[in-house]
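In case you want the letters, here they are:
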There are 2 protein chains.
Amino acid sequence: MPDVKHFDPDAVLEQVEHLFWRRGAATTGIAEVVAATGLSRSSLYATYGGKQELYAKALRRYVERRSEPMFRALAADGRGLPAVAAFFDALIEARCTGEYAGWGCMAANAHAEPAGPQVRDLLGRHHGMLRAALRAALETAGDQLRPGLDLDATAESLTLLAYGVNVRSRAGADAAALRRGVTAALDALRPTAL
Amino acid sequence: MPDVKHFDPDAVLEQVEHLFWRRGAATTGIAEVVAATGLSRSSLYATYGGKQELYAKALRRYVERRSEPMFRALAADGRGLPAVAAFFDALIEARCTGEYAGWGCMAANAHAEPAGPQVRDLLGRHHGMLRAALRAALETAGDQLRPGLDLDATAESLTLLAYGVNVRSRAGADAAALRRGVTAALDALRPTAL
DNA sequence: CCTTTCCTGGAATGGTCATTCCAAGGTAGC
DNA sequence: GCTACCTTGGAATGACCATTCCAGGAAAGG
């Protein structure tokens, strides 16, 4: 009983993820998925279900395998503000140079198109985990931060900043400009130098 | 020679703008545009061109008639930080309550889909004008700001923040949370109270 | 080595897409 | 009131969409 697949489902899903990430869900046809993966239509449908499910699975892979590892590293990094700065540096680097430049963040992109409950859950989870990671990083910042700062609200503002970076990077925003904006936001959190 | 149209082209374009704004370009069919406007296909094509041109015209209307008036008001308001706070309050109010709640910003949404040169120009213009307006407002803030602040970089960071608000509001983000995030970002710009 | 079982590939299908075309209708000038 | 012209509405068109189906094939158990 060869109930083993003749291909690696996760490797294929990664190619699908790349396709939906770059092109979006609505404008990407199954024919393109077939061409990109080399699989046949029937194998795709049998393995992953229809297009909506396929997109949801690809987005899930993106969130779990790409976003959340970065969020976990940020939350575990105990350095405080330098950790936050490193996170944003890595984000801008990933968004503006290399293989995925100009693709933006797949989760941020997904906000623009009509989404089913699965996708909506993933977007809420993405936002919640980023916010929690930033909050955790800020908690370790101690006196790197100006006194009296509301950590919850600050984490929320940095989360929104990250979404802004993601969106604008898709329009080919200048990496240096993004870095300046992020640096300004982080510098404002520091105590006033005397 | 009745070269007058039997309808108001701008009123129709506003309905089209609403449709594309809410539903996105790729997922909206011409049939829906016909149903929403009451016009016939031939009138639409004769007046506005094909779907791409129609979308570009609708986005142009959005930028010129909705975004830029707010940007101009922000740039002309001489109050400094309160002007910026009022701008963000109005933004969140518009994004989370009333007729357009959950629609996000049409220009921010447009980042997610493949765009022709016209659309790309409009997105650059949108970002540039918002950034310039924030910069102008910050210039009038005087000692409401902590000393030594880089106004260019701060304007960029607030621009990114606004895009973040726009994106997240499309996923039904809580208005109060957005307000807290914005407030934290603005508070960080103020001089430290002693 | 043969049978059984499930996966695979390509063709087939009904629906929807953007776009075009043509006859009908209404208005301005004469 | 008549003619000429432009706009309109609805039907027609060809391409592409997501999805399904069926025959062929490869691998494991006996």
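As annotated in an unreviewed UniProt entry, chain A carries the name TetR/AcrR family transcriptional regulator and is attributed to Nonomuraea aridisoli.

Novice: What is the right way to look at the overall build of chain A in this model?
Specialist: Of the regular secondary structure elements, chain A holds nine helices and zero strands. Its helices and strands in sequence order give chain A the pattern α-α-α-α-α-α-α-α-α, from N to C terminus. Projected onto its principal axes, the C-alpha positions of chain A cover 70 × 35 × 25 Å. The burial tally for chain A puts 50% of its 194 residues in the buried class. A sequence separation of at least 24 residues applies to 73% of the contacts in chain A between residues at least 6 apart. Per element, the accessible surface of chain A, about 8400 Å² overall, is 55% carbon and sulfur. Looking at chain A, you have 23 positive and 22 negative side-chain charges, and the mean spots of the two groups are 4 Å apart.

Novice: Is there a simple way to explain the protein's contact with DNA strand D in this structure?
Specialist: Near DNA strand D you find 17 residues, and of these Ile30, Arg41, Tyr45 and Lys51 of chain A together with Ser42 of chain B are the closest. Take Tyr45 of chain A: an N or O atom from its side chain is 2.9 Å from a phosphate oxygen of DNA strand D. Mapped by element, the contributors of at least two residues to the surface near DNA strand D are helix H3 (41-48) of chain A together with helix H3 (41-48) of chain B. Tallied by class, residues from the surface near DNA strand D come to six nonpolar, eight polar and three charged.

Novice: Before we go on, may I ask you to explain the environment of Thr192 of chain B in this structure?
Specialist: With respect to the helices, strands and loops of the structure, Thr192 of chain B is situated in the segment after helix H9 (175-187). Residues Thr192 of chain B and Pro147 of chain B, 45 residues apart in the sequence, show an inter-C-alpha distance of 9.9 Å. With sequence-adjacent residues up to four places away left out, Thr192 of chain B is seen in contact with Arg146 and Thr192 of chain A. Here Thr192 of chain A takes part through its side chain, which lies 2.5 Å from a polar atom of the side chain of Thr192 of chain B.

Novice: I'm lost on the UniProt feature "domain: HTH tetR-type" (unreviewed entry) in chain A in this one. Help?
Specialist: The UniProt record annotates "domain: HTH tetR-type" (unreviewed entry) at residues 6-66 of chain A. Overall, residues 6-66 of chain A shows 77% helix and 0% strand. The separation of its end C-alpha atoms is 26 Å.

Novice: In this structure, what is going on with the side chain of Arg168 of chain B? I would like to understand it.
Specialist: Mapped onto the elements of the fold, Arg168 of chain B is located in helix H8 (residues 151-170). An unpaired buried charge is present at Arg168 of chain B: no salt bridge exists, and Glu156 of chain A, the closest side chain of opposite charge, is 6.1 Å distant. A polar contact is formed between the side chain of Arg168 of chain B and the side chain of His111 of chain A, at a distance of 3.0 Å. Setting aside chain neighbours within four positions, we find Arg168 of chain B in contact with His111, Leu123, His127, Leu160 and Tyr163 of chain A together with Ala173 and Leu178 of chain B.

Novice: Where do I start with helix H4 (residues 51-76) of chain B in this structure?
Specialist: Note: α-helices contain 3.6 residues per turn, so residues at a spacing of three or four share the same orientation. All names here are of chain B. The terminal C-alpha atoms of H4 lie 36 Å apart, and with 26 residues this matches the ideal 38 Å at 1.5 Å per residue to within 8%. At Glu68, H4 shows its largest kink, close to 40 degrees, and the proline Pro69 lies no more than four residues downstream. For H4, the full list of buried residues reads Leu54, Tyr55, Ala56, Ala58, Leu59, Arg61, Tyr62, Val63, Ser67, Glu68, Phe71 and Leu74. Packing partners of the buried residues in H4 comprise helix H1 (9-23), helix H2 (30-37), H3, helix H5 (81-96), helix H6 (106-110) and helix H7 (117-139).

Novice: I tried to follow the relation of the copies chain B and chain A on my own but got confused; where do I start?
Specialist: A rotation about an axis combined with a shift along that same axis relates the two copies of the chain. Rotating chain B by 180 degrees and translating it 0.0 Å along the rotation axis places it on chain A, where the RMSD comes to 0.0 Å. Here the symmetry operator amounts to a two-fold rotation axis. In this assembly the copies share their binding face: 100% of the residues contributing to the interface of chain B also contribute to that of chain A.

Novice: Help me understand the packing of H7 of chain B against H8 of chain B in this model?
Specialist: The description of two helices packed together rests on the angle between their axes and the distance between the axes. All names here are of chain B. At a closest axis distance of 8 Å, the pairing of H7 and H8 adopts a crossing angle of 125 degrees. Comparing their axes, H8 and H7 come out oblique. Read as a crossing pair, H7 and H8 show a hand that is right-handed. Contacts between H7 and H8 involve Leu123, His126, His127, Leu130, Arg131, Leu134, Arg135, Leu138 and Glu139 on the former and, on the latter, Leu151, Asp152, Thr154, Ala155, Glu156, Leu158, Thr159, Ala162 and Tyr163.

Novice: Please clarify how the interface of chain B and chain A should be interpreted in this entry.
Specialist: In this complex, chain B contributes 37 residues to the contact, which on the side of chain A involves 37 residues. Taken together, both faces of the contact between chain B and chain A bury some 3200 Å²; the carbon and sulfur share is 66%. Three residues, His111, Leu160 and Arg168 of chain B, lead the burial of chain B against chain A; their summed loss comes to 20% of the area buried on that side. Viewed at the interface, chain A and chain B are joined by zero salt bridges. Along the contact surface separating chain B from chain A lie 11 residue pairs in polar contact (both at pLDDT 80 or more). Listing elements by their share of the side of chain B that touches chain A, those giving two or more residues are H6, H7, H8 and H9 of chain B. The leading source of residues in the side of chain B that touches chain A is H8 of chain B, at 12 residues. Split into classes, the residues belonging to the side of chain B that touches chain A amount to 19 nonpolar, nine polar and nine charged.

Novice: What's the story with the packing of H1 of chain B against H4 of chain B in this structure? I'm lost.
Specialist: Residue and element names in this part refer to chain B. In contact at an axis separation of 9 Å, H1 and H4 are set at 95 degrees when each is read in the N-to-C sense. Relative to H4, H1 is oriented roughly perpendicular. Residues Asp10, Leu13, Glu14, Val16, Glu17, His18, Phe20 and Trp21 of H1 form the contact with H4, whose participating residues are Lys51, Leu54, Tyr55, Lys57, Ala58, Arg61, Tyr62, Arg65 and Arg66. Residues that form the contact of H1 with H4 fall into these classes: eight nonpolar, one polar and eight charged.

Novice: What is the right way to read the state of the cysteines from this model?
Specialist: One way to say it: the disulfide is the covalent bond shared by the sulfur atoms of two cysteines. Residues and elements named next belong to chain A. Inspection of every chain in the model, using the stated rule, returns zero disulfides over all chains. Here Cys96 is not disulfide-linked; the sulfur of Cys105 is the nearest cysteine sulfur, at 13 Å. By relative accessible area, which is 21% here, Cys96 ends up partly exposed.

Novice: Which parts of the structure should I look at to understand the UniProt feature "DNA-binding region" (unreviewed entry) in chain A?
Specialist: The feature "DNA-binding region" (unreviewed entry), as given by UniProt, occupies residues 29-48 of chain A in the numbering adopted here. Along residues 29-48 of chain A, the helical share is 80% and the strand share 0%, with 15 Å between the first and last C-alpha atoms.

Reading guide: rules and limits
Residues numbered from 1 in each chain as written. Chains lettered and ligands numbered in written order. Predicted model: local features only at pLDDT ≥ 70, side-chain atom pairs only at ≥ 80, totals over all residues. Heavy atoms only, no water. Helix = DSSP H or I, 4+ residues; strand = E, 2+ residues; numbered from the N terminus. Buried < 20%, exposed > 50% of the residue type's maximum accessible area, 1.4 Å probe, protein only. Contact = heavy atoms within 4.5 Å. Areas by Shrake-Rupley, 256 points an atom, 1.4 Å probe, with all protein chains shown as cover. Lys, Arg positive; Asp, Glu negative; His and termini not counted. Charge placed at Lys NZ, Arg CZ, Asp CG, Glu CD. Near = heavy atom within 4 Å. Polar contact = N/O pair within 3.5 Å; in protein donor to acceptor, adjacent residues only side chain to side chain. Nonpolar A, V, L, I, M, F, W, Y, C, P; charged D, E, K, R; others polar. UniProt positions renumbered as here; feature names shortened; annotations may be inferred. Salt bridge = Lys/Arg side-chain N within 4 Å of Asp/Glu carboxyl O. Expected span 1.5 Å × (residues − 1). Bend = angle between axes of the 7 residues up to and from the residue. Least-squares fit on C-alpha atoms with pLDDT ≥ 70 in both. Axes fitted to C-alpha atoms, helices over the stretch in contact; angles between N-to-C directions. Parallel < 35°, antiparallel > 145°, perpendicular 65-115°, else oblique. Left-handed = near helix turned anticlockwise from the far one by under 90°. Buried area = accessible area lost by both parts, 1.4 Å probe. Disulfide = S-S within 2.5 Å.

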